[in-house]
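# Reading the structure
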Amino acid sequence: MSQAGNSPADGPGVDDRRRRLVAAAGALVAGVAVDRDAAGAADEPAARPADGAAGLEVALLTHAGGAHLGAYLRALAASPAVAQVRVADPDGAVFDEARAVLGGKLALVDRDAAAVLAAGRPRMALGSMEGARAPAAIRAALERGCHVLAEKPACASAEAFAALAALAGERRLSIALALANRLNPEVVEAKRRLAAGAIGQPMAVGMHLVQDQTRLTRRDYQRSWFADRARAGGGHLAWLGIHWLDLAMHLVGEPIASVSAYTANRGGQPVRIEDSAVLAFAFRSGALGTLASGYWLDAGFQSHLRIWGSAGWLSIAAAPEAVLRVHAAGGPADGEVVRTAAGGDAYGVFVDAVAAAIGRDAPLPVSTEESLRVVRTVFAAYRADADGGRVAVD
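Per-chain numbering applies: the sequence of each chain, read as written, is numbered from 1 onward. Given that the model is predicted, a residue must reach a pLDDT of at least 70 before its local features are reported, and side-chain atom pairs must reach 80 or more before they are shown or counted; all residues, however, enter totals for whole chains, interfaces and linings. Note: side-chain values were computed over all heavy atoms of the structure, leaving out hydrogens and water.

### Points about the packing of helix 3 (residues 69-78) against helix 12 (residues 346-360)
- Closest axis-to-axis distance for the helix 3/helix 12 pair is 8 Å, and the angle between their directions is 50°. In terms of orientation, helix 3 lies oblique with respect to helix 12. Of the two elements, helix 3 crosses helix 12, and the hand of that crossing is right-handed. On helix 12, the residues touching Ala71, Tyr72, Ala75 and Leu76 of helix 3 are Tyr347, Gly348 and Val351. Inter-axis angles, ranging from 0 to 180 degrees, are taken between N-to-C directions of lines fitted to C-alpha atoms, where helices are fitted over the stretch in contact. Helix numbers and strand numbers start at the N terminus; a helix is a DSSP run of H or I with at least 4 residues, a strand a run of E with at least 2. Each angle receives one of four descriptions, namely roughly parallel if under 35 degrees, roughly antiparallel if over 145, roughly perpendicular if within 65 to 115, and oblique otherwise. Note: crossing handedness is left-handed where the near helix turns anticlockwise from the far helix by less than a right angle, and right-handed where it turns clockwise. Whether two residues are in contact is decided by their heavy atoms: any pair within 4.5 Å suffices.

Quick look at the structure:
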């Protein structure tokens, strides 16, 4: 399983689907790159694909320390839905990697995001920024007419993201958080079976998502925006637990209505985020759920999701490959192992799907409403922890 939010998703491995995407991307007509950082301000915009050329113009908006940049660059390079990429980074930290990975698809690098958004005709912006800085960039992209794919949580408060969602609605545009696990083969199959009533009515959900605590001991991490809630929006829950909260709502097919939570810096490292979060929540229908989310391992990750229904249960575990099990009432006690396609590059598949959907004017894999509801759920959990009670999700 290549799981978004863990190192495999940002690693160098490629599966057969990735190779097909790379081959297809090579057939695209490449634009002429303009390097404003090296050559000074360019009076002319970067060359655009000839009329009729396939693919989108994409603006990549980031800064030094942006998350999963290697994965995003490889995804943009490989996707046949993407024709040109322009990169904005006020620190210039990603320029060399962008040149190496994007090759002929790179049309412009600039330290000024406004210049990148003004060049050409971008229909998609991909933002990978710390939470506190993301809303301004997303707003600028929406105002330029771009659909936005954003690294989560893309804000430091639910109110900030709600304002962006409202603007997107006004402009008839979409904001999708990078909740890439939705397109993992085992999740797609689980969603299909749940929708078909394979386990009856969902009754309860139990989940855990655990990563290494070793990162919290590193001085570079302790000084980074990831370790500062004011900049990141939160700790493990906002950065990684958010994936599983989204999957719970996606699979069950309804929003979480209320939540109670505890968070803590149990490891005691000098970071300004929680390393531990435990949530109990209720869906709109009354189904219940729990999530344990934390940095508790020495290395690697552990994850598990189980949904109990009125006529069976379904589980997804990753150790190290994804295993989907389905138990129908009266069947084997440990469930049936359901074979699915091997997981690949989660971010590559997701970025390609978003770009292709934008190119077809089709719904994105994650809607603006779904992105907003998982952000609201995360911040409702933080409020519940602070207040010591149960909080309704707005």
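### Comments concerning empty space enclosed by the protein
- Both site types are read off a 1 Å grid over the protein atoms alone. A 1.4 Å probe that fits but cannot get out defines a cavity, while an open set with protein on both sides within 12 Å along at least five of seven lines defines a pocket; lining residues have an atom within 4 Å of a point. Grid points are joined across faces, edges and corners, and a volume is the space filled by probe spheres set on the points. In this structure the tally under the stated criterion is 2 cavities of 30 Å³ or more.
- As a volume, the largest cavity reaches approximately 50 Å³.
- In this structure, the largest cavity is lined by Pro153, Tyr221, Trp225, Phe226, Ala232, Gly234, Gly235, Ala238, Trp239 and Tyr295.
- The nonpolar class holds Ala, Val, Leu, Ile, Met, Phe, Trp, Tyr, Cys and Pro. Asp, Glu, Lys and Arg form the charged class, and all remaining residues, Gly among them, are polar. In terms of residue class, the lining of the largest cavity is built from 8 nonpolar, 2 polar and no charged.

### Quick look at the packing of aromatic side chains
- Here is the rule: rings of Phe, Tyr and Trp (six-membered ring for Trp) pair when centre to centre is within 6.5 Å. Planes less than 30 degrees apart are stacked, more than 60 are edge-to-face, and the remainder are tilted. In this structure the tally under the stated criterion is 7 aromatic pairs.
- Between Trp225 and Phe226, the aromatic rings sit 3.9 Å apart at their centres with planes inclined by 25°, giving stacked as the arrangement. This pair shows no difference in class: Trp225 is buried, exactly as Phe226 is.
- Where Trp225 meets Trp239, the ring centres are 6.2 Å apart and the plane angle is 85°; that geometry is what we call edge-to-face. Of this pair, Trp225 sits in the loop between helix 9 (219-223) and helix 10 (229-232) while Trp239 sits in helix 11 (residues 236-252), and the two are 14 residues apart along the sequence.
- Whether a residue is buried, partly exposed or exposed follows from its accessible area with a 1.4 Å probe, protein chains only, as a fraction of its type maximum: under 20%, in between, or over 50%, in that order. Given a relative accessible area of 9%, Trp239 falls into the buried group.
- One aromatic cluster is present, built from ring pairs that chain together Tyr221, Trp225, Phe226 and Trp239.

### Focus: the sheet that holds strand 12 (residues 301-309)
- Strand order across the open sheet formed by 9 strands is 15-14-13-12-8-11-10-9-16, with mixed pairing between neighbours. The open sheet has two free edges, formed respectively by strand 15 (336-338) and strand 16 (391-392), since each of these has just one partner strand.
- A pair of strands is considered paired only if DSSP assigns at least 2 bridges between the two. Both strand 9 (residues 256-264) and strand 10 (residues 276-283) contribute to a ladder of 8 bridges, which runs antiparallel. By the bridge assignment for strand 10, Ala261 is matched with Leu279.
- Here helix 11 sits on the sheet and contacts strand 8 (202-212), strand 9, strand 10, strand 11 (288-297) and strand 12; the angle it forms with strand 8, its principal contact strand, is near 155°.

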